[in-house]
Amino acid sequence: MENKNIIISILITAMLVGGAIFFVGRENNSDMNVNQGVLISGDNILIENGRQIIDIDVKGGYWPRKTVAKAGIPTIIRFKTSSTFDCSLSVRLPSEGIRKILPQTGSSDIDIGTSTAGQFFGTCGMGMYSFEIDFN
Ligand SMILES: [Cu+2]
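This structure is a prediction, so every number in the text was calculated from the model and none was measured.

1. A closer look at the overall build of the protein chain
Okay, step 1: Counting its regular elements, the protein chain contains one helix and ten strands.
Okay, step 2: Counting from the amino terminus, helix and strand elements in the protein chain follow one another as α-β-β-β-β-β-β-β-β-β-β.
Okay, step 3: Of all 136 residues assigned to the protein chain, the portion counted as buried reaches 32%.
Okay, step 4: Pairs at least 24 residues apart make up 56% of the contacts formed inside the protein chain by residues separated by at least 6 positions.
Okay, step 5: Looking at the protein chain as shown, the accessible area adds up to about 8000 Å², and 58% of this sits on carbon and sulfur atoms.

Shown next as structure tokens:
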């Protein structure tokens, strides 16, 4: 009985530490990109047949959280999920009046038309996770 309790508390501790490392790792990644002044411009952007495709990874939020993109060209935001089970699956683009439930694994395109200069925001359905695209 005593041993069983010890094993259970070790397992719970391992899960908590693992979860913390997962989240801290993600935080550091996005901070690093911002600190380097790169703002990830282009890393997640593909220009294809005159269209700008912006990749956003969806899992426990939206990554990268900030993208610098080009204004004035037809733009598609491509959301990529991979065993995503959190509320970031419910994505909202308030300025477009778009709300979409993404598949748990897959790729979903949302056409936002020709981008205009300025900041563009997206959030999860509850407004708890967000991302930003700066078009200029
Ligand atoms: Cu949420």
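That was the structure; now back to the text.
2. Concerning the sheet that holds strand S4 (residues 66–69)
Okay, step 1: Ordered by their spatial adjacency, five strands build an open sheet running S4-S10-S9-S6-S7, and the pairing between neighbours is mixed. Two strands bound the open sheet, and with one partner strand each, they are S4 and strand S7 (98–101). Strand after strand, the sheet turns through a mean of 20° between neighbouring axes, direction not considered.
Okay, step 2: In this sheet, S7 lies alongside strand S6 (residues 90–93) in antiparallel orientation, the contact comprising four bridges. Counterpart to Leu 93 in the pairing with S7 is Ile 98.

3. A closer look at the environment of Phe 131
Okay, step 1: For Phe 131, the position within the fold is in strand S10 (residues 130–135).
Okay, step 2: Along the sequence, Phe 131 and Leu 93 sit 38 residues apart, while their C-alpha atoms lie 9.9 Å from each other.
Okay, step 3: In contact with Phe 131, not counting residues within four places along its chain, are Ile 56, Tyr 62, Pro 64, Arg 65, Ile 77, Phe 79, Val 91, Leu 93, Phe 120, Phe 121, Gly 122 and Thr 123.

4. Brief notes about the pairing of S10
Okay, step 1: Within S10, five of the six residues are buried, which leaves it mostly tucked inside the rest of the structure.
Okay, step 2: Where S4 and S10 come together, four bridges link them in parallel fashion. Looking at the pairing, Thr 67 lines up with Ile 133 of S10.
Okay, step 3: Relative to S10, strand S9 (residues 118–124) runs antiparallel, the two being bridged by six bridges. Each bridged residue has a counterpart across the sheet, and for Gly 118 the counterpart in S10 is Phe 135.
Okay, step 4: The turn linking S9 back onto S10 is made up of five residues, and Gly 127 within it adopts a positive phi angle of 75°.

What counts as what
Residues numbered from 1 in each chain as written. Predicted model: local features only at pLDDT ≥ 70, side-chain atom pairs only at ≥ 80, totals over all residues. Heavy atoms only, no water. Helix = DSSP H or I, 4+ residues; strand = E, 2+ residues; numbered from the N terminus. Buried < 20%, exposed > 50% of the residue type's maximum accessible area, 1.4 Å probe, protein only. Contact = heavy atoms within 4.5 Å. Areas by Shrake-Rupley, 256 points an atom, 1.4 Å probe, with all protein chains shown as cover. Pairing = 2+ DSSP bridges. Axes fitted to C-alpha atoms, helices over the stretch in contact; angles between N-to-C directions.

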